[in-house]
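Each chain, letter by letter, is given below.
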Amino acid sequence: MSPKSVDASRLNESKAQAEEKKKESILSTPAKMKKQRQNISFPTTMSAGPASPSVEVNSHLQLCEMLSKNALNNTKLQLGNGRCTSGSTGNQLAHVYMTELISIAGNASFFRTDNCRRQQNSIQAFFPSDNNGKLDRRTQSSTTWQSLCRECNTVYPHLCKNGINQMAPAIRHDLQHAAHQWLARQGAGAQRDDAVIHFRCGDILTEKSQTKYGISSYHLYDQFLKDASIQTIGIVTAPLGPKSGRAHERKHAKTCQALVNDMVSYLKQTHPSTTVSVRNDATETVVSAYSRMILASRTLCDSSTFCVFPAIATTGQGYVTESNALYPW
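Okay, so let's go over this structure. Remember, predicted model here, so these are calculated numbers, not experimental data.

## Some remarks on the overall build of the chain
Move 1: Assigned secondary structure in the chain consists of nine helices and eight strands.
Move 2: Within the chain, the proportion of its 329 residues that are buried is 43%.
Move 3: For the chain, restricting intrachain contacts to residue pairs at least 6 apart in sequence, the fraction spanning at least 24 positions comes to 69%.
Move 4: Accessible surface computed for the chain: about 18600 Å², of which carbon and sulfur atoms make up 50%.

Below is the structure:
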């Protein structure tokens, strides 16, 4: 079969027409795009695909187990509700900061949520809102998560020799913010003290607690209260009424009241120009107790996990009785 002949003039004409149409299309593109932009409303946030799974973490031991199983890929860790309560505040905060430290060392994505901010008597309800997002990575772990988990294989992370002290910058950031929030809510009538003594009583009077806790000698307080600028002293302690405070401590209420009265009498006698107040009436909360200690120029703590955190976060000078049984770091 002989090949068909092709009309060269018609072929050239087709090519010319195609080129002209292409040229028109290119020239009209900007006008078309402008019109399309007027008709399309873009969303304010762009979808990032399916959300990462989230896991509620209530213990640093739980996190250690997840890390050991390499179970954290694309997982968002969230602090569990169980660590938000106002009860046993020192122990709760020890868990919070040890869990966050291990998540940093393990390069895990740890988020704080709004859970704690809904519990108004919790100090964490006053933490800065920027901590509701991804944990601030300015805190650096000086060790690996493996060594932290190995050395802190206990349900009481405040007992770990290497740990919570590394979170001191984060502790100061959180608690100082909380204290200033509390102060702002008090308004112009806020009562603050130049020096604050945290006096823990109640449970420390039991035989079981005598090896861990204790009551400091009054002469020890004198060493830190000589400053002439100290005009007011506040004693932060639990409510001492027969129906106040924690149930298991009420049987010690009379003894604790006698001890507090004795301390007040001594301070008034040795510091006659100073006003001494006991801060434990019905208006006082964990938040006010922490804030008073953080904002004072001097904060004095007997051995207690409750007091050690505001002593770390104080804007003045904090002194804590040494206790290898409670915080060996």
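## Points about the sheet that holds strand E7 (residues 298–301)
Move 1: Sheet architecture is open: five strands sit in the order E6-E5-E4-E7-E8, paired in parallel fashion. Where the open sheet ends on each side, the last strands, each with one partner, are strand E6 (275–279) and strand E8 (317–320). Pairs of neighbouring strands in the sheet enclose a mean axial angle of 15°, with direction left out of account.
Move 2: Bridge count for strand E4 (residues 195–198) against strand E5 (residues 232–236) is four bridges, and the pairing is parallel. Paired with Ile-197 across the bridge in E5 is Ile-235.

## Some remarks on the packing of aromatic side chains
Move 1: Under the defined criterion, the tally for this structure stands at five aromatic pairs.
Move 2: Summarising the aromatic geometry, the rings of Tyr-97 and Phe-309 are spaced 6.3 Å apart at their centres and angled 25° between planes, so their arrangement reads as stacked. With Tyr-97 in helix H3 (residues 89–105) and Phe-309 in helix H9 (residues 305–313), this pair connects stretches of sequence that are 212 residues apart.
Move 3: With relative accessibility at 0%, the residue Tyr-97 sits in the buried group.
Move 4: Using a relative accessible area of 1% as the deciding quantity, one classes Phe-309 as buried.
Move 5: An aromatic cluster is defined as three or more aromatic residues linked by ring pairs; in this entry it consists of Tyr-218, Tyr-221 and Tyr-266.

## A word on helix H8 (residues 286–295)
Move 1: For H8, the buried fraction is high: 10 of the 10 residues fall into the buried class.
Move 2: What H8 keeps buried is the set Val-286, Val-287, Ser-288, Ala-289, Tyr-290, Ser-291, Arg-292, Met-293, Ile-294 and Leu-295.
Move 3: Taking the backbone nitrogen of Val-287 as reference, a side-chain oxygen 3.2 Å away marks Thr-285 as the first, capping residue of H8.

Rules of the game
Residues numbered from 1 in each chain as written. Predicted model: local features only at pLDDT ≥ 70, side-chain atom pairs only at ≥ 80, totals over all residues. Heavy atoms only, no water. Helix = DSSP H or I, 4+ residues; strand = E, 2+ residues; numbered from the N terminus. Buried < 20%, exposed > 50% of the residue type's maximum accessible area, 1.4 Å probe, protein only. Contact = heavy atoms within 4.5 Å. Areas by Shrake-Rupley, 256 points an atom, 1.4 Å probe, with all protein chains shown as cover. Pairing = 2+ DSSP bridges. Axes fitted to C-alpha atoms, helices over the stretch in contact; angles between N-to-C directions. Phe/Tyr/Trp six-rings, centres within 6.5 Å; stacked < 30°, edge-to-face > 60°. Polar contact = N/O pair within 3.5 Å; in protein donor to acceptor, adjacent residues only side chain to side chain.

These figures come from the coordinates and say nothing about function on their own.
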